[in-house]
Amino acid sequence: MSLFHAIYNILWGDLITIPLPGGSTLGLSLLVLILVPAGIYFTIRTRFLPFRLFPEMVKVTLENNKKIEEEEREGISGVQALIVSTACRVGMGNLVGVVAAISAGGAGAVFWMWVIALVGSSTAFIEATLAQIYKEKDPLYGGYRGGPAYYIHALFIKKGSKRKKSILAVLFAVSGLICWCGISQVISNSISSSFENAFQVPPVYSTVVLVVIAAVIVLRKNATVKVLDIIVPIMAACYFFITIFIIVTNAGQLPAVFGRIFSEAFGIRQVVGGGIGAVIMNGAKRGLFSNEAGSGSAPCAAAAADISHPAKEGLLQALGVFIDTLVICTCSAMIMLLTPEPMTKGLEGMDLLQAAMRYHLGEFGVIFIAVILWLFSFSTFLGILFYARSNVAYLFGDNWISQTLYKVLALVMLFVGGLAAYQFVWDLGDFGVGLMTVFNMIALIPLAPKALASLKDYEQNVMKKKEKSNMPD
């Protein structure tokens, strides 16, 4: 336990503390020190991809995916891979996590959340493109598999080597499986708590129903992606449109809300009051760990896509960061910031969010948040088990026994978490994702030229051909 806490503090604690005017300090954790400079580096190397190629990201998403007929496609489509990764990105953190960021860092944290999303989308492009470049056939589930364990392996183990495993790739895969087990327990606890608050349903009942439904889906061979195809667009659209309704009905307050966001992001009051460090870091942390760029999770889904060019999947996953942070997280922030402060004073977490929804939509708002949280969290559980497939295979080989045992373990954690939440398990999830990020980034920097070469090829050959075909005769 001492070793666990020591590593946890290195990953998430303030490794460097910078004094700021007004008595404030800016604490920088190891993960922030890794991900922010790397994101800036990738943004420069891709020639500001998030801004320059945003229209292309949208075009790739809207392309007719029937070009490869279902019976000819080996694996899932690029958009399906985006849906799986979005299912994991758009989870509990987009709801309560944003509330926590605003509570600790004020409205200004939202601005820094946006900035980090723009930087993180370049990182997401690099890791997803690499996942496509180094993907391999999946003999168990069909189609393809891959992710950081596989491109880390390719970096350190040359073809023909007698070594079967890369130590760093093994460490990444183990960290991922630890992280996703911890998240399973957090998910069920969030669901049982929200249903108890909204409907007075005892946790044991909501947990049993959750585990049974999850088991029916995840223990079948290829049901996960089909279910997520249905759930994710519906839940994201419902949440988005409800938020748009709230924003439209409070349109008169929007100038003041945006003024508050920008003034608190750079405000003299925050500097003098000693709070500017909290504003920046809460926004940065929320953005980094909501969109998951750099953690190595999303590439596990990106590798499974059967897509015509590796850079296409990179563009799709870069767009996923925008969907997560600039759309869903901003929706949560608007719900909060359009609520009068006295209505939410002294509240935190789910209680705070439900109070804000009660103000806007009455009791329907409380029920809506409980249901949408169920969908967000359930889809996250399905998504992380999809991620786990390739990592279990890397560690234990291609066999159904290891795949099924890990699914059963995750279902057990899901059940236990619904009845009791242990702080250690919450920390376990953070511990796992922190280690994943470190191991992933060690490989991402030296392998980045491969992804950049793929981007160059895509721009010179695919995009130019598109432009010529669209030119009038």
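As the structure is a prediction and not an experimental result, all values here were calculated from the model.

Engineer: Honestly, the environment of Ser190 in this entry has me stumped. Any pointers?
Structural biologist: Of note, Ser190 is situated in helix H9 (residues 167-199). The sequence separation of Ser190 and Gly418 amounts to 228 residues, and the corresponding C-alpha distance is 7.6 Å.

Engineer: I'm lost on the nonpolar core in this one. Help?
Structural biologist: One recurring pattern in soluble globular proteins is that nonpolar side chains are buried together. Counting 134 residues, the largest nonpolar core has Ile126, Trp180, Tyr239, Ile261 and Phe381 as the members making the most contacts within it. Here this core takes 19 residues from helix H19 (residues 363-396), the largest share from any one element.

Engineer: Even after reading the chapter, I still don't get the side chain of Gln403, so can you show me in this structure?
Structural biologist: Within the secondary structure layout, Gln403 lies in helix H20 (residues 400-419). The class of Gln403 is buried, set by a relative accessible area of 4%.

Engineer: Help me out: how do you make sense of helix H8 (residues 148-156) in this one?
Structural biologist: Note: α-helices contain 3.6 residues per turn, so residues at a spacing of three or four share the same orientation. Of all nine residues in H8, seven are buried, a share of seventy percent or more. Residues of H8 that are buried include every one of Pro148, Ala149, Tyr150, Tyr151, Ile152, His153 and Leu155, and no others.

Engineer: Before we go on, may I ask you to explain the packing of H9 against H19 in this structure?
Structural biologist: Geometry of a packed helix pair, given as the angle between the helix axes and the separation of the axes. Relative to each other, H9 and H19 sit at 160°, their axes nearing to 9 Å. As the angle between them shows, H9 and H19 are arranged roughly antiparallel. As for the relative orientation of H9 and H19, their crossing is left-handed in sense. Split by residue class, the contact of H9 with H19 holds 27 nonpolar, six polar and no charged.

Engineer: Explain H9 here, please?
Structural biologist: Its 33 residues give H9 an end-to-end C-alpha distance of 48 Å, which sits within 8% of 48 Å, the value for a rise of 1.5 Å per residue. The first or second residue beyond H9 is Gln200, which carries a positive phi of 60°.

Engineer: Any chance you could explain a nonpolar patch on the surface here in plain terms?
Structural biologist: On the surface, Val204, Tyr205, Val208, Val212, Val216, Leu219, Val408, Val412, Phe415, Val416 and Leu419 cluster together to form a nonpolar patch covering roughly 900 Å² of accessible area. Elements supplying a minimum of two residues to the nonpolar patch: helix H10 (203-218) and H20. In this fold, Phe415 is placed in helix H20.

Engineer: When you look at the packing of helix H7 (residues 108-133) against helix H12 (residues 254-266) in this model, what are you seeing that I'm missing?
Structural biologist: The interhelical angle for the contact between H7 and H12, taken along N-to-C directions, is 80°, at an axis separation of 6 Å. The angle between the axes of H7 and H12 places the two elements in the roughly perpendicular class. Side by side, H7 and H12 meet where Gly108, Val110, Phe111, Trp112 and Trp114 of the first sit next to Phe258, Ile261, Phe262, Glu264, Ala265 and Phe266 of the second. Split by residue class, the contact of H7 with H12 holds nine nonpolar, one polar and one charged.

About the cut-offs
Residues numbered from 1 in each chain as written. Predicted model: local features only at pLDDT ≥ 70, side-chain atom pairs only at ≥ 80, totals over all residues. Heavy atoms only, no water. Helix = DSSP H or I, 4+ residues; strand = E, 2+ residues; numbered from the N terminus. Core = buried A, V, L, I, M, F, W, Y, C linked by side-chain atoms within 4.5 Å. Buried < 20%, exposed > 50% of the residue type's maximum accessible area, 1.4 Å probe, protein only. Axes fitted to C-alpha atoms, helices over the stretch in contact; angles between N-to-C directions. Parallel < 35°, antiparallel > 145°, perpendicular 65-115°, else oblique. Left-handed = near helix turned anticlockwise from the far one by under 90°. Nonpolar A, V, L, I, M, F, W, Y, C, P; charged D, E, K, R; others polar. Expected span 1.5 Å × (residues − 1). Patch = residues over 30% accessible without salt bridge, like charges linked within 9 Å, V, L, I, M, F, W, Y side chains within 5 Å. Areas by Shrake-Rupley, 256 points an atom, 1.4 Å probe, with all protein chains shown as cover. Salt bridge = Lys/Arg side-chain N within 4 Å of Asp/Glu carboxyl O. Contact = heavy atoms within 4.5 Å.

So, to be careful, I would describe these as geometric facts and stop short of saying anything about function.
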